[in-house]
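# Tertiary structure, described
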Amino acid sequence: MVDSKNQKSQQLSLRLNILFVFVFILFSALILRLGVVQIVNGEDYEEELTHVSNQTALIDAPRGKMFDAYNNVVVDNSLEISVTYTNPGSHKTSEMIELAELLSEYIEVDTENLRTRDLQEYYYTILKPEERKALIEDIEYDEDDETTEYQRMIAQISEEMVSGYSAEEEQVIAIFSHMLRGSSGSPQRIKQSITTEEAHLLSEHLDRLPYIDLQRDSSREYVYGNTLKSLFGRVGSIPSETVDQYLTKGYKRSDLIGVSNLEGNYEEVLRGQKAEISRTRTREGAGPMEQEVEEKPGSRGNDLVLSIDMEYQQLADEILETHVTRNRGIFERDASAYAVVMNPKTGDVLAMSGYQDIVGGNTDFNPLGTVNNVYETGSAIKAASVLVGLETGVVNPGTVVNDRPLEFRGTPTKRSVVNMGRVDMGAAMERSSNIYMFEIAMRMANYEYDNSLTKGQRTLFTEAKANEVLDKTRYYFNQFGLGTETGIDLPREETGLSPLTVVEPGNSLDFMIGQYDTYSTMQLAQYISTIANDGVRMRPRLVQEILEPTTNGEEKIVIQSNPPEVLNKIDMSEEHINFVQSTLRRVVTGQRGTARNIKTDVPIAAKTGTSQSKITIGEGDNRRQVDVNNLSFVGYAPYDDPEIAFAVITPSAARVPTGQATSKISELISQELVNSYFELKENRSGPQSVDSVIDEVDLFDE
């Protein structure tokens, strides 16, 4: 009986143990499964339950404005709407083409500047993989060739293969090409400044166009039309050769930047602070997607205050156009004139004008011609020549020279316009004696002209000695800004042609009368400004201040002031500078002064210049060389307390026989520039209103 009970007890214990083990295994499996769900697959299940996505887009802000010296807005922003495409980062090129085809039904884009590369990339995209491989399968490449397979395939797509696209296909290609230029997550412009009709049509169909949006945008507006438009500069796409440079600065590949002149030189200042738009999309389980948009406003770029007086600039343009047009007959080929007016004490550029009347009827204002076009300027630079003579001690104010023709073997006869006889330095400047300037060069070379020799017996000094004189003279000329950079705040300027060595010794004499090296109008203006400013050379200044962006009525806050900057003091005595100033006054007031007929409202000092050269005209059998004159005029006013200095160059005018009066066009232009400036001081009414010009950005431009 007892054994039976013990046996039953043992069986029950065994069954309970088995049950416990089974339960333990079940719980272990359950715990393991929960662990897998929570730890291994937890994120996936959580994402299925709640889906959240974030996307941030940067929207361009308007650029800073430009004001003239009298607070007139000269460069503004024209608000508009642009069509943009934002690549989510996963958009296939085949899908982009489909989207481009659909978008082309609603907008029309410019295809004029489609590049061959754009056509090749489109052609490549629509090929099947095996067709792409076939492009290069029979071509062997060097092992050292580092080009990618894609680059090799593109290179094998010939112009013939991509020719013949219809106008409709080119629309698609253009849109697709713009899409490719964009960076992932950043809006890329497809078309800037869309029409009202296009905006309405797109608004109605945006639900059919994924990743396409309408964006607030702006283009540069030149308030006074084409006046100084080229000086202000252009806005465009980042050039391909500088992409990496801009990307390291935080730019996007699709950004528009200032690519020339003031826009380019002050890009970092004018660039706006982009608006930041964050879109957060949330979905709970299988529920609807909810979107929350947060926008961080951007801000316009900083503003520039220029030294330019727009009212005076308009007058300067009108003066040049009137005189060039009126005197069209004196020019052998293209007719043009260039002028710069600046404050000699501060370097402020008040006006810089260029007018061109090109053969064939094309006319244009070209202010950049004052810094980029260089010419032999003739006697306008003689004030620097006599200062070199004074400083080197080879002449003094009382030195008298016999002005008569000089003859040397193997060198053309050297002479003045007329034989002046005995002249001192004052008379030499008043009457513009070439011989006096030649004498300075000869004395610097320790050369004495021997009247007892015949032309065949008389040789000039050696080329080595000529180069020595030339180098020393250029050293002094550079101090005036002649033959070197003026320092104007533009990206580039021409410094002129300065041959390293002379062709023949007589060139060192020609240099002293402005008929060897070439100079720009801006260099001439800085040179005469330096003399007017008692030998102190100032950096030409276009931008006076940088301001925080403001709206109407707000007080201007100056971020940075660009004060007048002294570049150097010429290495010449004050006494000599004062004397040369008096000789420049004699040019205007002297009975034989070359500018004695000029009529200005205030007393001025000035110097005329005429450089003889040759140009080629005609075509084919009629192609020939003709003699021309570059006519220059420099000066400053008022003489006793200069407010302005000016330089005018009128190149390629017809040459007249020696001894006859040359055209006075540069002198007459200068006369009106001086009188207009001082008339404006008494009666200022503001710039003349004209139709503004909106900048058209070429999105293909790189």
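Below you will find a few notes about this structure.

Analysis parameters
Residues numbered from 1 in each chain as written. Predicted model: local features only at pLDDT ≥ 70, side-chain atom pairs only at ≥ 80, totals over all residues. Heavy atoms only, no water. Axes fitted to C-alpha atoms, helices over the stretch in contact; angles between N-to-C directions. Helix = DSSP H or I, 4+ residues; strand = E, 2+ residues; numbered from the N terminus. Parallel < 35°, antiparallel > 145°, perpendicular 65-115°, else oblique. Left-handed = near helix turned anticlockwise from the far one by under 90°. Contact = heavy atoms within 4.5 Å. Nonpolar A, V, L, I, M, F, W, Y, C, P; charged D, E, K, R; others polar. Buried < 20%, exposed > 50% of the residue type's maximum accessible area, 1.4 Å probe, protein only. Pairing = 2+ DSSP bridges. Patch = residues over 30% accessible without salt bridge, like charges linked within 9 Å, V, L, I, M, F, W, Y side chains within 5 Å. Areas by Shrake-Rupley, 256 points an atom, 1.4 Å probe, with all protein chains shown as cover. Salt bridge = Lys/Arg side-chain N within 4 Å of Asp/Glu carboxyl O. Phe/Tyr/Trp six-rings, centres within 6.5 Å; stacked < 30°, edge-to-face > 60°. Lys NZ or Arg CZ within 6 Å of the ring centre and 35° of its normal. Core = buried A, V, L, I, M, F, W, Y, C linked by side-chain atoms within 4.5 Å. Polar contact = N/O pair within 3.5 Å; in protein donor to acceptor, adjacent residues only side chain to side chain.

### Details of the packing of helix α3 (residues 93–103) against helix α4 (residues 116–126)
How two helices pack is summed up by the angle between their axes together with the distance between the axes. Contact geometry of α3 with α4 gives a least axis separation of 9 Å together with a crossing angle of 115 degrees. By the angle class used here, α3 and α4 are roughly perpendicular. Note on packing geometry: the crossing formed by α3 with α4 is left-handed. Of α4, the residues touching α3 (which contributes T93, S94 and I97) are Y122, T125 and I126. Partitioned by chemical class, the residues of the contact of α3 with α4 number three nonpolar, three polar and no charged.

### Topic: the packing of α3 against helix α7 (residues 167–181)
One can describe the packing of α3 onto α7 by two numbers: an axis separation of 9 Å at closest approach and a directional angle of 130 degrees. One way to sum up the angle between α3 and α7 is to call them oblique. Both α3 and α7 take part in a crossing whose hand is right-handed. Mapping the contact onto sequence places T93, M96, I97, L99, A100, E101 and L103 in α3 and V172, I175, F176, M179 and L180 in α7.

### Here's the deal with the pairing of strand β3 (residues 73–86)
Most of β3 sits out of view: 11 of its 14 residues are buried. Here strand β2 (residues 66–67) pairs with β3 via two bridges, running antiparallel. Bridge pairing in β3 links M66 to V75. Linking two consecutive strands that pair antiparallel, namely β2 and β3, is a turn of five residues; a positive phi of about 70 degrees is found at N71 within it. The sheet contact formed by β3 and strand β5 (residues 212–222) spans 11 bridges and is antiparallel.

### Observations regarding a nonpolar patch on the surface
Taken together, the side chains of F27, L30 and I31 define a hydrophobic patch exposed on the protein surface, amounting to about 330 Å² of accessible area. Position of I31 relative to the elements: it lies in helix α1 (residues 2–40). Residue class for I31 comes out exposed when judged on its relative accessible area of 57%.

### Description of the packing of aromatic side chains
Enumeration according to the criterion identifies 17 aromatic pairs in this entry. On the basis of an interplanar angle of 75 degrees and a centroid distance of 5.7 Å, the ring pair of Y447 and F461 is categorised as edge-to-face. With Y447 in the loop between α17 (434–444) and α18 (463–480) and F461 in the loop between α17 and α18, this pair connects stretches of sequence that are 14 residues apart. Put simply, the rings of F408, Y447, Y449 and F461 touch in pairs and so form one group of aromatic residues. Over the ring of Y251 we find R271, and its NZ or CZ is 3.6 Å from the ring centre.

### Here's the deal with the sheet that holds strand β24 (residues 605–617)
Ordered in space as β13-β12-β11-β26-β25-β24, the six strands form an open sheet in which the pairing is antiparallel. At either end of the open sheet lies a strand with only one pairing partner, and these are β13 (362–365) and β24. In this sheet, neighbouring strand axes are inclined to one another by 10 degrees on average, regardless of whether the strands run parallel or antiparallel. Examined bridge by bridge, strand β25 (residues 624–637) and strand β26 (residues 644–654) share nine bridges and lie antiparallel to one another. Counterpart to G635 in the pairing with β26 is F646.

### Quick word on the nonpolar core
If you look at the biggest cluster of nonpolar residues, it comprises 93 residues, and the most contacted ones within it are F232, L262, M352 and Y527. Tallying contributions element by element places α17 first for this core, with eight residues. Sequence-distant contacts of Y527, that is, excluding residues within four places in its chain, are made with A380, I381, K382, A383, A384, F480, L482 and V634. Counting residues in hydrophobic clusters, the runner-up holds 36 residues, among them Y123, I136, M179 and L202.

### Re unusual backbone geometry
Negative phi characterises most residues that are not glycine, and trans characterises most peptide bonds. Here the amide bond leading from A637 into P638 is cis, since omega sits at -15 degrees, within 30 degrees of zero. The residue S193 is not glycine, and still its phi comes out positive at about 60 degrees. Within the fold, S193 resides in the loop between β4 (187–191) and α8 (196–205). Using a relative accessible area of 39% as the deciding quantity, one classes S193 as partly exposed.

### Brief notes about α17
The α-helix advances 3.6 residues per turn, and as a result positions three or four apart in sequence lie on the same side. Most of α17 is tucked away: 10 of the 11 residues are buried. At the N-terminal end of α17, a side-chain oxygen is found 3.4 Å from the backbone nitrogen of I435, two or three residues along, and the residue is S433. Just downstream of α17, N446 is the residue with a positive phi angle, here 55 degrees.

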